[in-house]
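Secondary and tertiary structure notes
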Amino acid sequence: MIAPPRTALPGLTAKLVNTGLVEVPMGTTLRRIIFDIGGGIPKKKAFKAVQTGGPSGGCIPEQFLDLPVDFDELSKVGSIMGSGGMIVMDQDTCMVDVARYFVDFLKDESCGQCNPCREGLKNMLDILTDICQGRGREGDIELLEELGMMMQKFSLCGLGTSAPNPVLSSLKYFREEFLAHIVNKRCPAAVCRDLVVYRIIKEKCTGCQRCVQVCPTGAITGPRSEVHNLDESKCIKCRSCYEICRFDAIAGDAIIIES
């Protein structure tokens, strides 16, 4: 009797037109899953990365979109099959912040039994938080890599050995973003609140008031059909205005932080 073909059940989430649970033959490429089935990235924004396998999965860049989804192929690029989840990220995603987010989640999931996992995740989170807040230092990247390899080698369970994946893969494929945060004190994606200030581009603002309606602090004001104003002293950098603007009239500029 011929065995039925194996299938995968990726759960598509985040920056996609179509999200949800799908069933595809094992070996289907990431490109087909994300663009043909998932419908691609909304608002014509550029694809940046996809994390596979849940919080312990690696972040896979555009160059591997034609990679077939199976256990061995994902492992080769620093990710895992894991839970089957796929979190798709676009050009507005900060990979340093992504790494910090998942390490923060995994730290709370750790049972704390072994030192490599418990202390490794704690120290990774401290370093990544400092980088996101403009306090990154020379040598932080190398220290993150050393911590990650130590956890992979000496942790007692699968959580500890796979937990460094989001960090190590992001460092491997998006190293320039970490360097921008550390050396230039700049978040290229304008995500890290301590490294960005938002402003209205007057030439692009149509006065549609969408940003006025979503601003939780009243930082943006102005009558309809006229150029709006943004009061930096009231802005909490929630990105609501940036996300909702249809005319690219909100810009996130780097804050210059003295080292």
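A short tour of the structure in this document, coming up. Everything numeric here is computed off the predicted structure, so don't read it as measured data.

A closer look at the sheet that holds strand β7 (residues 85–90)
Across the sheet, which stays open at both edges, the 5 strands sit in the order β3-β2-β7-β5-β6 with mixed pairing between neighbours. The two strands at the open ends of the sheet, each matched to only one other strand, are β3 (20–21) and β6 (59–61). Along the sheet, helix α1 (residues 30–37) contacts β2 (11–14), β5 (47–52), β6 and β7; its crossing angle with β5, the most-contacted strand, is approximately 115 degrees.

Describing helix α4 (residues 115–132)
An α-helix turns once every 3.6 residues. As a result, residues three or four positions apart point the same way. Along its 18 residues, α4 runs 25 Å from first to last C-alpha, staying within 8% of the 26 Å computed at 1.5 Å per residue. Every buried residue belonging to α4 is among P116, C117, G120, L121, M124, L125, I127, L128, I131 and C132, and all of these are buried. Packed against the buried residues of α4 are α3 (95–109), α5 (140–154), α6 (158–162), α7 (165–173) and α8 (175–183). In the stretch just after α4, G134 is the one whose phi turns positive, near 85 degrees.

A short note on the packing of α3 against α4
With their axes 9 Å apart at the nearest point, α3 and α4 run at an angle of 150 degrees to one another. The angle between the axes of α3 and α4 places the two elements in the roughly antiparallel class. In this structure, α3 crosses over α4, and the sense of that crossing is left-handed. Where α3 abuts α4, its residues V96, D97, A99, R100, V103, D104, L106 and K107 lie against L121, K122, M124, L125, L128, T129, I131 and C132. Classifying every residue of the contact of α3 with α4 gives 10 nonpolar, 1 polar and 5 charged.

Description of the nonpolar core
Residues L30, I34, F47, V50, V69, M86 and V88 are the most contacted members of the largest nonpolar core, which totals 29 residues. Of all elements in the fold, only α1, β5, β6, β7 and α3 reach the threshold of two or more residues within this core. In contact with M86, other than residues within four places in its own chain, are P10, G11, L12, T13, L30, I33, V50, Q51, T52 and V69. Core analysis: the next-biggest nonpolar cluster, separate from the first, contains 28 residues, L128, M151, I182 and A189 among them.

Looking at the packing of α4 against α5
The geometry of a pair of packed helices is captured by two quantities: the angle between their axes and the separation between those axes. Interhelical geometry of α4 versus α5 gives an angle of 160 degrees and a closest axis separation of 10 Å. One element, α4, and the other, α5, form an angle in the roughly antiparallel class. For the crossing formed where α4 meets α5, the hand is left-handed. Side by side, α4 and α5 meet where P116, C117, G120, L121, N123, M124, I127, L128 and I131 of the first sit next to D140, L143, L144, L147, G148, M150, M151 and F154 of the second.

Here we look at unusual backbone geometry
Located in the positive-phi region is S225, a residue other than glycine, with phi close to 70 degrees. Within the secondary structure layout, S225 lies in the loop between β9 (220–221) and β10 (229–230).

Re the packing of aromatic side chains
Applying the stated criterion across every chain yields a total of 4 aromatic pairs. Seen in terms of ring centroids, Y198 and Y242 are 6.0 Å apart; in terms of plane orientation they differ by 55 degrees. Their pairing is tilted. Taken together, the residues Y198 in strand β8 (residues 196–200) and Y242 in helix α10 (residues 240–244) connect sequence positions 44 residues apart. The burial state of Y198 is the same as that of Y242; both residues are buried.

Each value, and the rule that gives it
- Residues numbered from 1 in each chain as written.
- Predicted model: local features only at pLDDT ≥ 70, side-chain atom pairs only at ≥ 80, totals over all residues.
- Heavy atoms only, no water.
- Pairing = 2+ DSSP bridges.
- Helix = DSSP H or I, 4+ residues; strand = E, 2+ residues; numbered from the N terminus.
- Contact = heavy atoms within 4.5 Å.
- Axes fitted to C-alpha atoms, helices over the stretch in contact; angles between N-to-C directions.
- Expected span 1.5 Å × (residues − 1).
- Buried < 20%, exposed > 50% of the residue type's maximum accessible area, 1.4 Å probe, protein only.
- Parallel < 35°, antiparallel > 145°, perpendicular 65-115°, else oblique.
- Left-handed = near helix turned anticlockwise from the far one by under 90°.
- Nonpolar A, V, L, I, M, F, W, Y, C, P; charged D, E, K, R; others polar.
- Core = buried A, V, L, I, M, F, W, Y, C linked by side-chain atoms within 4.5 Å.
- Phe/Tyr/Trp six-rings, centres within 6.5 Å; stacked < 30°, edge-to-face > 60°.

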